[in-house]
Amino acid sequence: MLDILIHNATVVTMEGKGVGIIEDGAVGIKNNKIEVVGLTTEIKKKYSAHQYIDATRKVVMPGLIDAHIHTGISILRGLSQDIGNWMQKGLWPFYKGLTPQESRIGSLVNIIEGVKAGTTTFCDYDHPMGELVKNHVEIGTRARISDMINELPPNMADIAVGDIYPLDSAIGNEKLMENIKLINEWHLKENGRITCLLGPQGPDMVSKELLLEIKYLAEKYDTNIHMHVAQGDREINQMIKRYGKRSIQYLDEIGYLDHRLMAVHLTEATKEETQLLAKRGASMILCSGSIGIIDGMVPPMAEFLEVSSRAALGSDQAPGNNCNNMFNEMKFTAILNKCKAKNPEVFPAWKVLRLATIDGAKAIGLGDEIGSIKEGKKADLIIINFDKPNLSPIILSPIRNIVPNLVYAANGNEVETVIIDGKIIMEEGKLLTVDENKAVLELHKAAERVANRAVEDVKRLEIPLLQMMKEGYL
Ligand SMILES: [Zn+2]
């Protein structure tokens, strides 16, 4: 007896080398796993279930993977875009006084945003993760978490742009301890839904000694390292000033480029650097929306994919992206890369869909557990209603239009049902585990406090968006 049987569906399994579509398919779930996948007629002959979901004119596919997100700063959504140096000249005045409670209130709504748009796995990379992880537990999401480790002083906004960061090993040690505490308390908890990584913020923000200690710990705990790498000219400038070399050469020399490294952005990496990283077995996480908005650039994913398929997509951060929706990321990734290459044939829809599902799962080290609909894998699935103007009509012959429309036409709000670890988290667009309206109202109130606290700093630091507002553009 199955727990749930989804039938009459177009199942996009993401198995095989493409997208593995089964027309008139069915998926059976028992406990937290996928028990059976196949044709509706055959599965219904053999199985019965406690609960049936009729998915006529609907698509069932693996839940999407957001391989890089900072949910803890989402309370600052929309406060840092359309400017140069978004971090020091946008984010810091608001970020520096953020309390753990405020971060958690923002993170809750941010995760809700992702789930409603079909994200089931979040590589959440932020501080204080010991607080934020409670949101993943409450909502029921799969999370691969790390506490962000750096050796930066709290007053970063006061450091002149271009000055070398003053690294403080006492701060670094304290932050490393929090990441270790996180691993000890949460790794493999909640039926294995929560797993922990190590999270150095970037090679420019952590000393060599601390980076090496983190590497040692990744081996000890047999886990991955989630890190920003070559994330803009800010980082490269710091690396040249401090070590006389660029990020990827430096990381190669200290033995950092291997299968444990999940390298985020690579915005400033050259083709040679990107392909060296790929050859060494590290994975690349591309955040198209975030880097497009905050840097005006398209990172070298095409170059990476010439060598390796260990690649994933991430939505990054809400202050400057400004949304955390993987349908958005898929569309941005395809369009920006086609424009960069001046070639409509690159980054086809099927490939981009793989980045957000099965290839992404492999890139974050969960390829055996999630990312495709296969017997024995964890039951992380979404059901998408194609009875929507933007997803109509469905055409199955002579050519199927399902996958191109998933990538280029869907907005995420067509996701109707979300199942994570065999549990229905969202049904008919409504979250079952948390009160969405209450969470949003609480966020508005908390954000008002955060904004009030930043007033003096925003004026003192002559934040560019303040000037834009005075001139009537905001
Ligand atoms: Zn990031």
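Residues numbered from 1 in each chain as written. Predicted model: local features only at pLDDT ≥ 70, side-chain atom pairs only at ≥ 80, totals over all residues. Heavy atoms only, no water.

Colleague: What should I look at first to understand the overall build of the protein in this one?
Modeller: Looking only at helices and strands, the protein features 17 helices and 18 strands. For a compact globule of 474 residues, the expected C-alpha radius of gyration is about 23 Å, and the protein comes in at 22 Å, within 12% of that figure. Dimensions along the principal axes, computed over C-alpha positions, put the protein at roughly 70 × 50 × 45 Å. Relative to its 474 residues, the protein shows a buried fraction of 59%. Contacts spanning at least 24 positions in sequence make up 71% of the contacts within the protein whose residues lie at least 6 apart. Counting only carbon and sulfur atoms, one obtains 52% of the accessible surface of the protein, whose full area is about 18500 Å². (Helix = DSSP H or I, 4+ residues; strand = E, 2+ residues; numbered from the N terminus. Rg over C-alpha atoms; globule rule 2.2 N^0.38 Å. Buried < 20%, exposed > 50% of the residue type's maximum accessible area, 1.4 Å probe, protein only. Contact = heavy atoms within 4.5 Å. Areas by Shrake-Rupley, 256 points an atom, 1.4 Å probe, with all protein chains shown as cover.)

Colleague: Could you clarify how one ought to interpret the side chain of Glu151 in this entry?
Modeller: Inspection of the secondary structure assignment puts Glu151 in the loop between strand 8 (142–149) and helix 5 (169–186). The residues contacting Glu151, other than those within four sequence positions of it, are Pro166, Leu167, Asp168, Ser169, Ile171, Gly172, Met205, Val206, Ser207 and Leu210.

Colleague: I would appreciate a short explanation of the coordination of the zinc ion in the present structure.
Modeller: Ideal coordination angles are 109.5 degrees for a metal with four donors arranged tetrahedrally and 90 or 180 degrees for a metal with six donors arranged octahedrally. For the zinc ion, the protein coordination sphere consists of His68 (NE2), His70 (NE2), His228 (NE2) and Asp316 (OD), at 2.0 to 2.4 Å. If you look at the zinc ion, its four donor atoms make angles of 87 to 166° with each other, and the shape they trace is irregular. Along the chain, the residues donating to the zinc ion are arranged with the sequence spacing H-x1-H-x157-H-x87-D. Of this pair, His68 sits in strand 6 (residues 64–69) while Asp316 is found in the loop between strand 14 (311–313) and helix 12 (326–341), placing the two residues 248 residues apart along the sequence. Summarising the burial analysis for this pair, His68 and Asp316 share the class buried. (Donors = N, O, S within 2.8 Å, 3.2 Å for Na, K, Ca; no water. Tetrahedral: all angles 85-135°; square planar, octahedral: opposite > 155°, others 65-115°.)

Colleague: I would appreciate a short explanation of the layout of surface pockets in the present structure.
Modeller: Summary: where empty space remains is shown by rolling a probe the size of a single water molecule over the atoms. Within this model, the largest pocket holds a volume of roughly 660 Å³. What lines the largest pocket is a set of 32 residues, and nearest its centre among them are Trp92, Tyr95, His127, Asn150 and Lys175. Elements with a minimum of two residues in the lining of the largest pocket: helix 2 (87–95), helix 3 (100–116) and helix 5. (1 Å grid on protein atoms, 1.4 Å probe; cavity = no way out; pocket = protein on both sides within 12 Å on 5 of 7 lines; lining within 4 Å. Points joined across faces, edges and corners; volume = space filled by probe spheres on them.)

Colleague: Even after reading the chapter, I still don't get the environment of Asp252, so can you show me in this structure?
Modeller: Tracing the sequence through the fold places Asp252 in helix 8 (residues 247–253). Residue Asp252 is classed as partly exposed on the basis of its relative accessible area, which comes to 24%. Along the backbone, Asp252 and Leu276 are 24 residues apart, and their C-alpha atoms lie at a distance of 8.7 Å. Polar contacts involving the side chain of Asp252 include one to the side chain of Arg280, which spans 2.8 Å. (Polar contact = N/O pair within 3.5 Å; in protein donor to acceptor, adjacent residues only side chain to side chain.)

Colleague: Sorry, what's going on with the domain arrangement of the protein here?
Modeller: Where interface size is given, it is often the accessible area lost as the parts come together that is meant. Under the domain assignment, the protein is made up of domain 1 (2–62 + 373–431) and domain 2 (66–363). On a C-alpha basis, the centres of domain 1 and domain 2 stand 30 Å from each other. Taken together, the contact between domain 1 and domain 2 spans 31 residues of the former and 28 residues of the latter. Summing the contributions of domain 1 and of domain 2, the shared interface buries around 2400 Å²; its carbon and sulfur component is 65%. Interface area lost by domain 1 to domain 2 is led by Met14, Val407 and Tyr408, which between them contribute 25%. The residue Arg142 makes a salt bridge to Asp380 at a minimum N-O spacing of 2.6 Å. The interface formed by domain 1 and domain 2 holds nine residue pairs in polar contact (both at pLDDT 80 or more) in total. When contributions to the side of domain 1 that touches domain 2 are tallied by element, the ones reaching two or more residues are strand 5 (58–62), strand 15 (381–385), helix 15 (402–408), strand 16 (415–420) and strand 17 (423–427). When residues of the side of domain 1 that touches domain 2 are assigned to their parent elements, the largest contribution, five residues, is made by helix 15. A class-by-class count of the residues in the side of domain 1 that touches domain 2 yields 20 nonpolar, six polar and five charged. (Domains from an automatic or database assignment. Buried area = accessible area lost by both parts, 1.4 Å probe. Salt bridge = Lys/Arg side-chain N within 4 Å of Asp/Glu carboxyl O. Nonpolar A, V, L, I, M, F, W, Y, C, P; charged D, E, K, R; others polar.)

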